[in-house]
Amino acid sequence: MAKQVLVRKRVAVVGGGPKAVALAVKAKVLKALKLQDTEVVIFEKKSIGAAWEGGDGYSDGEQRLCTLAERDLGFPYKSLYGRAADAGMLNYSWQQLEICIRIYVLNLLRSSSCPPKI
């Protein structure tokens, strides 16, 4: 079987909202798995996610997002790239963040040493 040669592609995204971040993460995962080599260039006037922080456009920062965080980046989708890509995306999911936070908190609670006084 011939070795697959990845052709580098560049995608420009106007606006640094949730979809831009999702595209960048997907490109990172696919590149790590050597399934695709796509550079995502995001053009954002303020900062990534600024429109959702309030005061910079679309939202006042208090509104609910259209897509629930639980179904954002790493929601267990069945992608065209297979299980490895899906597992890679799951590393960026809300669920994974909660797992990491809980593990961190449990480790912190189990720690026998007190934090230093400032």
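The structure this text deals with has already been given above.
For clarity, every value in this text was computed on a predicted model and none was experimentally measured.

A.B. asks: Go over the pattern of salt bridges with me, naming the residues and quoting the values.
C.D. replies: Taken as a whole and judged by the stated rule, the model has 4 salt bridges. One salt bridge in this structure joins Asp-37 and Arg-8, with 3.4 Å as the shortest N-O distance. Here Asp-37, found in strand β2 (residues 37-43), pairs with Arg-8, found in strand β1 (residues 8-14); they are 29 residues apart in sequence, far enough to count as distant. Residue Glu-39 is joined to Arg-8 by a salt bridge in which the shortest nitrogen-to-oxygen separation is 3.4 Å. You can see Glu-39 sitting in strand β2 and its partner Arg-8 sitting in strand β1, a full 31 residues away along the chain. Through salt bridges with shared partners, one network takes in Arg-8, Arg-10, Lys-31, Asp-37 and Glu-39.

A.B. asks: Can you break down the pairing of β2 residue by residue, with the values?
C.D. replies: Sheet topology places β1 next to β2; 7 bridges connect them, and they run parallel. For Val-14, the partnering residue across the bridge sits in β2 and is Phe-43. Following the chain from β1 across helix α1 (residues 18-32) to the adjacent parallel β2, one finds a crossover that is right-handed.

Calculation criteria
Position numbers for residues count from 1 along each chain, tracking the sequence in the order it is written. Local features are withheld for residues below a pLDDT of 70 in this predicted model, meaning they are given only at 70 or higher, and side-chain atom pairs are given and counted only at 80 or more; totals for whole chains, interfaces and linings count all residues. In computing side-chain values, all of the structure's heavy atoms are included and hydrogens and water are not. When a carboxyl oxygen of Asp or Glu is within 4 Å of a side-chain nitrogen of Lys or Arg, the pair counts as a salt bridge. The helix count covers DSSP runs of H or I at least four residues long, the strand count covers runs of E at least two residues long, and both are numbered beginning at the N terminus. Any two strands with at least two DSSP bridges between them are considered paired. Seen with its strands pointing away from the viewer, a crossover is right-handed when the path leading from the first strand over the helix to the second is clockwise.

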